[in-house]
Amino acid sequence: MNISMRVLALCGSVLSTGFAAQAAEISIAANSTGKGLNFIREQVSVFEKQTGHKVKIVSMPPSSSEQFSQYRLWLAAGNTDVDVYQTDVVWAPQLAEQFVDLTEATKDVIGQHFPSIVASQTVDGKLVAMPMYTDAPALFYRKDLLEKYSKQPPKTWTELAETAKDIQDKERAAGLKDIWGFVFQGSAYEGLTCNALEWIASAGGGRIVETNGDISINNEKAAAALDMAKSWIGTISPQGALAYKEEEARGIWQTGNSVFMRNWTYTYALGNGADSAIKGKFGVVPLPAGAEGIAPASTLGGWNVAVSKYSKHQDVAIALVKFLGSAETQKKRAVELSNMPTIAALYDDKDVAAAQPFMPLWKPIFETAVPRPSAATKVKYNEVSAKFWGAVHNTLSGTGSAAENLELLEVELTDLKGNGW
Ligand code: GLC
């Protein structure tokens, strides 16, 4: 072997042992709604190629509430098998203790993100999770059907119900037997909390628990908003909507069987997918308002990535969350999945606007979106939300009136609050 060959061989062995010594295997738990999991899988393989590390994906159920319950069990047990957790925007105060502080590690990039989102993931000065995308729902409407019947997209919930009923009845009479007026998320889970908060806040009925911690839910406007939603069941919305989460509503909508849909922005890209019966036939507008003069309310959603304090490879896990939250990955996510970036500059990006024309217009809707009372109710948010969606679900399914259920809810929340949240 000549000298240069020997040098090459030596370099090779140093490189390979160096690489092997550093390579780690980590895992990420991720939500399986829509194409979210596929996207993470693709991005993770880019990360693996760039770093030499291996990343396993743990698929979580599409329901945010079920995912939360599972996380709570794992984290309470100090699970070392999951290093990175995809987290819903409302979980930061409840899981803060179990995650690594990302402040120092993200100080080079965190300034790119909307300060309000960073604030929502910061608990007592600790950055609990890296923002990955933000979310605000829209009213999706069938452009072709509204044009056919000379209707405008509705501005109030009352108008929505009227237009939905009118078009539904006429289309059924014309032979489309399976069509409904409106689909939304009525299953008893976190998504129903988001929907019902929109009906109530846009009617001037408050935010369940106000930012100062006061329980405001037992009021006439809130009860009227729930009665309104109850009147949809079986008339413009199928009975089955009481079991719909995001994907079930999308299923009805995307096969052409609903005039309107309330859903998050990820359904925009999927609705325009090659296999969609309504490709190119729909538009999006802000959700309706409860009454003239009251602003519509979109519940603020969104997802982040956090590093478990039980992870044995925290540095690699931090590198992965930075990669998933980076401008480059968020841009791909916006273009491919129509998820909304948490990085302001991407709303002016030409490629994003070309792929998802609605998105630059959506920035103000996200900026005025209504947060759920997770900051106010701190570690008790999930119980507050579960009691709230329970009262709403009972009302929609005819177990007790809205007024009775909200009165009971107030008693339960007062008890849960005790001396303070
Ligand atoms: C969406 C939102 C999330 C919300 C969930 C409810 O995924 O982004 O914040 O909790 O819907 O189903």
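See above for the structure.
Residues numbered from 1 in each chain as written. Predicted model: local features only at pLDDT ≥ 70, side-chain atom pairs only at ≥ 80, totals over all residues. Heavy atoms only, no water.

S.K.: Hey, could you run me through the overall build of the chain in this one?
M.R.: Within the chain, the regular secondary structure consists of 18 helices and eleven strands. A globule of 421 residues ought to have a C-alpha radius of gyration of about 22 Å, and the chain, at 23 Å, matches this closely. In terms of principal-axis extent, the alpha carbons of the chain reach across some 85 × 55 × 35 Å. Within the chain, counting contacts between residues at least 6 apart in sequence, those at least 24 apart form 74% of the total. As displayed, the chain offers around 17700 Å² of accessible surface, 55% of which is attributable to carbon and sulfur atoms. Charge centroids of the chain, computed over 39 positive and 45 negative side chains, lie 5 Å from each other. (Helix = DSSP H or I, 4+ residues; strand = E, 2+ residues; numbered from the N terminus. Rg over C-alpha atoms; globule rule 2.2 N^0.38 Å. Contact = heavy atoms within 4.5 Å. Areas by Shrake-Rupley, 256 points an atom, 1.4 Å probe, with all protein chains shown as cover. Lys, Arg positive; Asp, Glu negative; His and termini not counted. Charge placed at Lys NZ, Arg CZ, Asp CG, Glu CD.)

S.K.: Which parts of the structure should I look at to understand the pattern of salt bridges?
M.R.: Under the criterion given, the structure shown has 13 salt bridges. In this structure, glutamate 171 and lysine 148 form a salt bridge, with 2.7 Å as the shortest nitrogen-oxygen distance. Here glutamate 171 is found in helix α7 (residues 157–173), whereas its partner lysine 148 is found in helix α6 (residues 143–148), with 23 residues between them in sequence. We note a salt bridge from aspartate 351 to lysine 331, for which the minimum N-O separation is 2.7 Å. Taken together, the residues aspartate 351 in helix α14 (residues 350–355) and lysine 331 in helix α13 (residues 327–337) connect sequence positions 20 residues apart. Look at lysine 331 and you get partly exposed, because its relative accessible area is 24%. Residues joined in a network through salt bridges with shared partners are Asp88, Glu190 and Arg372. (Salt bridge = Lys/Arg side-chain N within 4 Å of Asp/Glu carboxyl O. Buried < 20%, exposed > 50% of the residue type's maximum accessible area, 1.4 Å probe, protein only.)

S.K.: I keep staring at the site of the ligand and nothing clicks. Help me out?
M.R.: Around the ligand, 13 residues are found, and the nearest of them are Asp88, Asp135, Glu246, Gly302 and Arg372. A distance of 3.0 Å separates an oxygen atom of the ligand from a polar atom in the backbone of glycine 302. The contact in question runs from an oxygen atom of the ligand to an N or O atom on the side chain of arginine 372, over 2.8 Å. Across the complex, the protein chains shield 94% of the 310 Å² of accessible surface that the ligand would expose by itself. When residues in the shell around the ligand are grouped by element, the largest group, three residues, is from strand β11 (residues 301–307). (Near = heavy atom within 4 Å. Polar contact = N/O pair within 3.5 Å; in protein donor to acceptor, adjacent residues only side chain to side chain.)

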